[in-house]
Amino acid sequence: MAKADKQKKKQGIPMPKQKPEDRIHNFNEVALGYTTEQALAEAERCIQCPKPKCVQGCPVELDIPAFIKEVRERNFDEAIKKVKEKNSLPAICGRVCPQENQCQMFCVMGKKGDPLSIGRLERFVADYELQKGVTVRPRSKSSAGGKVAVVGSGPAGLTAAADLAKLGHKVVIFEALHAPGGVLMYGIPEFRLPKKIVQAEVDYVKKLGVDIKTDHMIGRLYTIDELFELGFDAVFIGTGAGLPRFMRIPGENLGGIYSANEFLIRVNLVKAYMFPEYDTPIRIGKKVAVIGGGNVAMDSARSSLRLGAEEVLIVYRRSKEEMPARLEEIENAEEEGVKFKFLTTPVKFLGDESGRVTGMKCITMRLGEPDESGRRRPIPIEGSEFVMDVDTVIIAIGQTPNPIIQRTTKALKTTRWGTIVVNEKTGKTFRKGVYAGGDVVSGAATVISAMGAGKRAARSIHRYLLRKKRMRQRKET
Amino acid sequence: MKGREKDLSSKLRSELLSFGKKKENALPLYGTEECAKRSMKAMYEVLKKLELAPKIKLLKINAPEIARKAKAGQFVIFRIDEKGERIPLTIVERDPQEGTITLIFQEVGLSTMKLGALETGDEIMNVTGPLGNPTEIKHYGLVAVVCGGTGTAVSYPIAKALKEAGNQVVSIIGARTKELLILEDEMRNISDELYISTDDGSKGHKGFVSDVLKMLIEKGYRFDVVYAIGPTLMMKATVNVTRPYSIKTIVSLNPIMVDGMGMCGACRVTVGGETKFACLDGPEFDGHLVDFDELIKRLRVYLLEEKQAVELHEKSGEIKRG
Ligand SMILES: Cc1cc2nc3c(=O)[nH]c(=O)nc-3n(C[C@H](O)[C@H](O)[C@H](O)COP(=O)(O)OP(=O)(O)OC[C@H]3O[C@@H](n4cnc5c(N)ncnc54)[C@H](O)[C@@H]3O)c2cc1C
Ligand SMILES: Cc1cc2nc3c(=O)[nH]c(=O)nc-3n(C[C@H](O)[C@H](O)[C@H](O)COP(=O)(O)OP(=O)(O)OC[C@H]3O[C@@H](n4cnc5c(N)ncnc54)[C@H](O)[C@@H]3O)c2cc1C
Ligand code: FES
């Protein structure tokens, strides 16, 4: 191989993007996706390892080299088929998975240059199919034929439902909100994950025969016990981690202080960014502080810019290295002009007489020894307090599971963080016939880990239903 | 107006009196025809509409699943159409047999105006519920139910359930002026005593409902518990009346809500120095522990945008100011 060629192979094809100065004025998708030429060139970089390491980094065990090979040979239909054997939501995963910590982290190409852009290629084949129109093969008839209730329509619920439907079960998803998709719909903004993509993936799950009932909050409208009374044989709980955490410091209930969840629900789910064409308002000030350092904080900060804030500051109590957000999103935020204030945390919010926030008193931190998460613990530096003027604050310091189901269901074991205790391998809870997975079990994590949990639970629910049926038959004979 | 109100009262009474009385049906098996017939048909259609007072309307809505489960004190969140806000309203009445719920609301802004503009046969896009915790109904002894404005609608199912639980119920209902009084006969029917007040004195006592409560307490009424439901200022005034007497006072808070299920924290209120979510932990709280001044400020956050939205929609002719 010529030297120039070798050099080329080391570098991945960059993702075409909207220019920062344009994109901060709109909610359209930032990453535009590969063209066919770009996808072919990137796929060409794959060396098709005989013992591929990338696969072990994928929580749903996608056969990565096989689908890349199909892309190389321009068999895009075959490529997407390969992907969908393991992943029902590829257009979503291709966009939001932290590939740098998963498949791409293990890619051997990454040792000498850029790892293969597996996520971008996944997105490419998924978008190819969406553009063409998705066809669904008739599902296999299973002898089990059970009825399963899935609670929550986030990635965990959608995946469990799709897999169970493919196995021939009747599945009904109960979703509390008016739109299915979970965080994909109400949390992750349009410019990172267009809602029509989420809708298309949801439609695919529906085409598999899954019935989705929105506006059904389980625990209030029906309890888990009542779902069994309604004739369901098994229940999967995928209700996520949707309860926002607050800081519990003075002044937190002043006007202009949002939880990231409220802010993002207003912007994404009820489209406040199109107010007054849409009825839901959002108030964004001139100077916004976002507290936190994860994806949720990045999404809130970037949405604030797009809503017209003049200055957006991410205030994080550790340093840049410890930020849990995806690298790509931190870079995007920086490009767009989001500013960062590290090693800082608010201790008090200040307001005016009408009850609106006008500033926050902060304290500077230094990093100590690593804590149980392996990240260095922030320690406040005494006497380092200072005041920062802000007129909007978005608190993005994490979420815990919604407690309603846990409060209304007997014999479900929960941890002190409110997560449901399950057998890791099977998703089985302490209640017979009840399974759980995703953020409600792990605490706030990732789309793909929620999908992995949904998959494992679907497999064990299927086995449970087969067993149940055999027992019934034995009794009858 | 007068005649219509009277006629309405008798009709309403028979409907409202059934709250909580009818036996619940067994649950239909999911996926069966019976289930489909009962719950999936013409979701959230408006079956009946009445105007109780200027700008105060009653809608009866087809919502069989909610009707089966709802209890006094719970609410729904509705979204009128694709572009609509999510807005909370109390379930004033339910009929599990018929599969309906009844809402009574005041047109105060864009969303309630749009709801008020619906006619029989129209559909609401989304209705989620029942949400919030049911009222804790038990035998207290002597209970005062103090209500202002549309708070009377919210109080009605609670007062009724309290009466059925064997309590002696003294109701005090109030409004700015007599035309705005609602559910007077209904409240009278389930109360041992009923008092009326209007701000302008056009009917009953001239002044606030909290003044009447104070009068009764001073007269020697020894209430075991007081329910105060209505505008935030009215609830605040009522707890100020009961505080010196240490009478347990329960209020039903109405902060701004978005999801109504514990996801956003927009509904957070300070109760006893702690932050609570009204949709998850309420909407009823011990009134003596509530930080009302904070709640009042939080309710005004979107004043500007609310006005803007109404003006815009008025221009486009979508809604009319009554
Ligand atoms: C703003 C934001 C950005 C993120 N960015 C990324 C990213 O870039 N990459 C990544 O991998 N991960 C990201 N995450 C994390 C990821 O979205 C979650 O880990 C994932 O969605 C969890 O899936 P889930 O199915 O467990 O729960 P969810 O997606 O939370 O879905 C749960 C669903 O259950 C419903 N529900 C809850 N209670 C009930 C009930 N009682 N009855 C009926 N329905 C109920 C909820 O309304 C919701 O729709 C992000 C999260 C947020 C909030
Ligand atoms: C649990 C709960 C139950 C409720 N039950 C009823 C009911 O049975 N009948 C009824 O008429 N109303 C009820 N409300 C109040 C009702 O939700 C509001 O009137 C409604 O949100 C106003 O929306 P809008 O778009 O029409 O007006 P907006 O334009 O949003 O507001 C117009 C005016 O109303 C005030 N306002 C806004 N939101 C509220 C609110 N939540 N409560 C009080 N004032 C508000 C604003 O400050 C503003 O001055 C309830 C509220 C809650 C939280
Ligand atoms: S309304 Fe969102 S948490 Fe209560």
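Residues numbered from 1 in each chain as written. Chains lettered and ligands numbered in written order. Predicted model: local features only at pLDDT ≥ 70, side-chain atom pairs only at ≥ 80, totals over all residues. Heavy atoms only, no water.

(A) Representation of the packing of aromatic side chains in the model. All names here are of chain A. Scanning the entire structure with this criterion turns up 11 aromatic pairs over all chains. Relative to tyrosine 222, the ring of phenylalanine 174 has its centre 6.3 Å away and its plane inclined at 70°; by these criteria the two rings are edge-to-face. You can see phenylalanine 174 sitting in strand β2 (residues 170-174) and its partner tyrosine 222 sitting in the loop between β3 (211-213) and α12 (224-229), a full 48 residues away along the chain. For the pair shown, phenylalanine 174 and tyrosine 222 are each scored as buried. Between phenylalanine 174 and phenylalanine 232 the ring centres are 5.9 Å apart and the planes differ by 85°, which places this aromatic pair in the edge-to-face class. Pair noted here: phenylalanine 174 is in strand β2 and phenylalanine 232 is in the loop between α12 and β4 (234-237), with a separation of 58 residues, a long-range link. Residue class for phenylalanine 174 comes out buried when judged on its relative accessible area of 1%. (Phe/Tyr/Trp six-rings, centres within 6.5 Å; stacked < 30°, edge-to-face > 60°. Helix = DSSP H or I, 4+ residues; strand = E, 2+ residues; numbered from the N terminus. Buried < 20%, exposed > 50% of the residue type's maximum accessible area, 1.4 Å probe, protein only.)

(B) Structural detail: the site of ligand 2. All names here are of chain B. For ligand 2, the set of nearby residues contains 23 residues, the closest of which are Pro88, Thr90, Ile104, Gln106 and Thr112. At a separation of 2.9 Å, a nitrogen atom of ligand 2 approaches a polar backbone atom of isoleucine 104. Within the backbone of proline 255, one N or O atom sits 3.3 Å away from a nitrogen atom of ligand 2. For ligand 2, whose free accessible area comes to 850 Å², the fraction covered by protein is 85%. (Near = heavy atom within 4 Å. Polar contact = N/O pair within 3.5 Å; in protein donor to acceptor, adjacent residues only side chain to side chain. Areas by Shrake-Rupley, 256 points an atom, 1.4 Å probe, with all protein chains shown as cover.)

(C) Spotlight on the interface of chain B and chain A. The interface of chain B with chain A comprises 54 residues on the first partner and 53 residues on the second. Both sides of the chain B and chain A interface together cover about 4600 Å² of buried area, and 54% of this is carbon and sulfur. Run the count over chain B and chain A and you get 5 salt bridges. The closest approach of N and O atoms between lysine 69 of chain B and glutamate 226 of chain A, which form a salt bridge, is 2.7 Å. The interface formed by chain B and chain A contains 26 residue pairs in polar contact (both at pLDDT 80 or more). Secondary structure elements with two or more residues in the side of chain B that touches chain A: α3 (64-69), α4 (110-116), β7 (126-131), β14 (268-271), β15 (274-277), α9 (278-281), α10 (292-299) and α11 (303-315) of chain B. Partitioning the side of chain B that touches chain A into residue classes produces 26 nonpolar, 12 polar and 16 charged. (Contact = heavy atoms within 4.5 Å. Buried area = accessible area lost by both parts, 1.4 Å probe. Salt bridge = Lys/Arg side-chain N within 4 Å of Asp/Glu carboxyl O. Nonpolar A, V, L, I, M, F, W, Y, C, P; charged D, E, K, R; others polar.)

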